[in-house]
Every structure is written in structure tokens, then in C-alpha cells.
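Structural features, examined
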Amino acid sequence: VSMRLDFIGIEHFKGFNSALLGQIPYGMLVFGSYETLKSKIFARRPDWNDSFTTKIPVYVGCACVGDVIGAVWITPSEIIKQRLQSGAASSSMAAMKSIWAESGPRGFYAGFSGLIARDLPYRAMQLPLYEVCRDAYSIKYCASYDRTIFPHEVCHACICGCVSARAHG
């Protein structure tokens, strides 16, 4: 079976480049903001890192802030991608020009609140659940050896991530 794009149909991939250019920085912004904010909070309040009852609200809050920061980047990308997929524009540049002509800079953020409403609950569950799974793994398999998860145990961390991604989906 041939998997060439022209065999599958290039129309199924409209907006792919726009999505890719949006998703990579989005992920960096979300996870970078999350990790930075989380580490700063725990550096100021190390006692909050002692119990799940204090850690989980920090995880949830940092996940929400990270997702909002990422949404500032991803919203314009999503709008451009939708225009390409719907056939309303033939290229990313044409989509940007038409959005600017129709609504100015606000047009790039027309779906911001909807995107937040869609993504924030997901992120508020995903990242804390991953942290809890990873911490539980560390307590069970690493604490008795007075160590953290080793790099070669990335597979176990991936399993924690899969569990957290599927547990609420």
C-alpha cells in the first residue's frame, strides 16, 4: 500500500504546516511555564512540597497558568489552520491577510475563550495526574534507594504520562 501524500489526498493535510508551527512553541510555552512557575513556588514554599494536599493545588494552578500562556500563542495558529482546512484561504499568508483585513489583530484571538474553555480542564487534570503518578512511582520504587527516577526509567515515566492522559479521556 502506498502512503504517498498524493495517493492519500493532499487535501487531508491542509493546515498541517500551520498546526506544526503552532503546536511546537505551544508545548514549549505550556510546559516551560508550568515547570518554571512550579519550581519558583516550591522554592519559596518548600513545605508545600511535603504533602499531596498542598502539592496538588500548586500543580493545578501552574497547569492552568501554563495553558493560558500557551493559548496566547496557539489561538492565532488554530484560526489560520481552520481557514486553511475549510478552504476559506489557500495559504497561511492569505489566511493572515484576510483575518487582518476583516478584524485586525483581534481577529487572531476570536476563539481564545473557547480554546481556554476546551483546553484548561484537560491541562488542569493531565499535569497534576502525571505528577502524582510519577511521585507515586518514585515513592514505591526509588525512595527506599534514596534516589530519583533514572534517565533509563523514562519508559516508566511515559507509562505515568499515558495513565494520566487516558485516565480522564
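You'll find the structure just up there.
Anyway, here's the lowdown on the structure attached to this text. Since we're looking at a predicted model, the values are computed, not measured.

1. Here's the deal with the overall build of the protein chain
- The number of helices and strands found in the protein chain is 6 helices and 0 strands.
- Along the protein chain, helices and strands appear, N-terminal first, in the series α-α-α-α-α-α.
- Once local pairs closer than 6 in sequence are excluded, the contacts in the protein chain between residues at least 24 apart make up 71%.
- About 10600 Å² of surface is accessible on the protein chain, with carbon and sulfur atoms providing 66% of the total.

2. Quick look at the layout of surface pockets
- Estimated volume of the largest pocket: approximately 200 Å³.
- Around the largest pocket sit Ser18, Leu21, Gly22, Trp73, Pro76, Ser77, Ile80, Ser92, Met96 and Phe108, which together line it.
- Elements with a contribution of two residues or more to the lining of the largest pocket: α2 (16-44), α3 (52-86) and α4 (92-103).
- It is α3 that provides the largest number of residues to the lining of the largest pocket, a total of 4 residues.
- Grouping the amino acids of the lining of the largest pocket by side-chain chemistry returns 6 nonpolar, 4 polar and no charged.

3. Examining the environment of Pro25
- Inspection of the secondary structure puts Pro25 in helix α2.
- When the C-alpha positions of Pro25 and Ile74 are compared, they lie 8.2 Å apart, and in sequence the two are 49 residues distant.
- Dropping the residues within four chain positions of it, Pro25 is found in contact with Leu20 and Trp73.

4. Focus on helix α5 (residues 112-141)
- With 30 residues, α5 extends 42 Å between its outermost C-alpha atoms, agreeing within 8% with the 44 Å of an ideal straight helix rising 1.5 Å per residue.
- Within α5, the axis deviates most sharply at Asp119, by approximately 35°, and proline Pro121 lies no more than four positions further along.

5. Remarks on the packing of aromatic side chains
- Applying the stated criterion across every chain yields a total of 3 aromatic pairs.
- On the numbers, 6.5 Å between centres and 45° between planes, the contact of Trp100 with Phe108 is tilted.
- When its relative accessible area of 13% is taken as the criterion, Phe108 is described as buried.
- Plain terms: the ring middles of Tyr109 and Phe112 are 6.3 Å apart, the flat faces sit at 65° to each other, and that makes the pair edge-to-face.
- A residue is classified by how much of its surface remains accessible, and Tyr109, at 36% relative accessible area, is partly exposed.
- Accessibility expressed as a relative area gives 25% for Phe112, which makes it partly exposed.

6. Structural notes on the pattern of salt bridges
- All told, the structure shown has 7 salt bridges when counted by the stated rule.
- Glu131 is paired through a salt bridge with Lys38; the nearest N and O atoms lie 2.7 Å apart. Taken together, the positions of Glu131 in helix α5 and Lys38 in helix α2 put the pair 93 residues apart, joining distant regions of the chain. For the pair formed by Glu131 and Lys38, the shared burial category is buried.

7. Focus: the environment of Ile74
- Tracing the sequence through the fold places Ile74 in helix α3.
- We classify Ile74 as buried; its relative accessible area is 2%.
- In the structure, Ile74 is positioned 52 residues away from Gly22 in sequence and 5.5 Å away in space, judged by C-alpha atoms.
- Non-local contacts of Ile74, meaning those with residues more than four positions away in its chain, are made with Gly22, Gln23, Tyr26 and Leu115.

8. Quick notes on α2
- For α2, spanning 29 residues, the distance from its first C-alpha to its last is 42 Å, which sits close to the expected 42 Å at 1.5 Å a residue.
- Along α2, the positions that sit buried rather than exposed are Ser18, Ala19, Gly22, Tyr26, Val30, Ser33, Tyr34, Lys38 and Phe42.
- In this structure, the buried side of α2 is in contact with α3, α4 and α5.

Analysis parameters
Residues numbered from 1 in each chain as written. Predicted model: local features only at pLDDT ≥ 70, side-chain atom pairs only at ≥ 80, totals over all residues. Heavy atoms only, no water. Helix = DSSP H or I, 4+ residues; strand = E, 2+ residues; numbered from the N terminus. Contact = heavy atoms within 4.5 Å. Areas by Shrake-Rupley, 256 points an atom, 1.4 Å probe, with all protein chains shown as cover. 1 Å grid on protein atoms, 1.4 Å probe; cavity = no way out; pocket = protein on both sides within 12 Å on 5 of 7 lines; lining within 4 Å. Points joined across faces, edges and corners; volume = space filled by probe spheres on them. Nonpolar A, V, L, I, M, F, W, Y, C, P; charged D, E, K, R; others polar. Expected span 1.5 Å × (residues − 1). Bend = angle between axes of the 7 residues up to and from the residue. Phe/Tyr/Trp six-rings, centres within 6.5 Å; stacked < 30°, edge-to-face > 60°. Buried < 20%, exposed > 50% of the residue type's maximum accessible area, 1.4 Å probe, protein only. Salt bridge = Lys/Arg side-chain N within 4 Å of Asp/Glu carboxyl O.

Function cannot be inferred from these measures alone, as they are strictly geometric.
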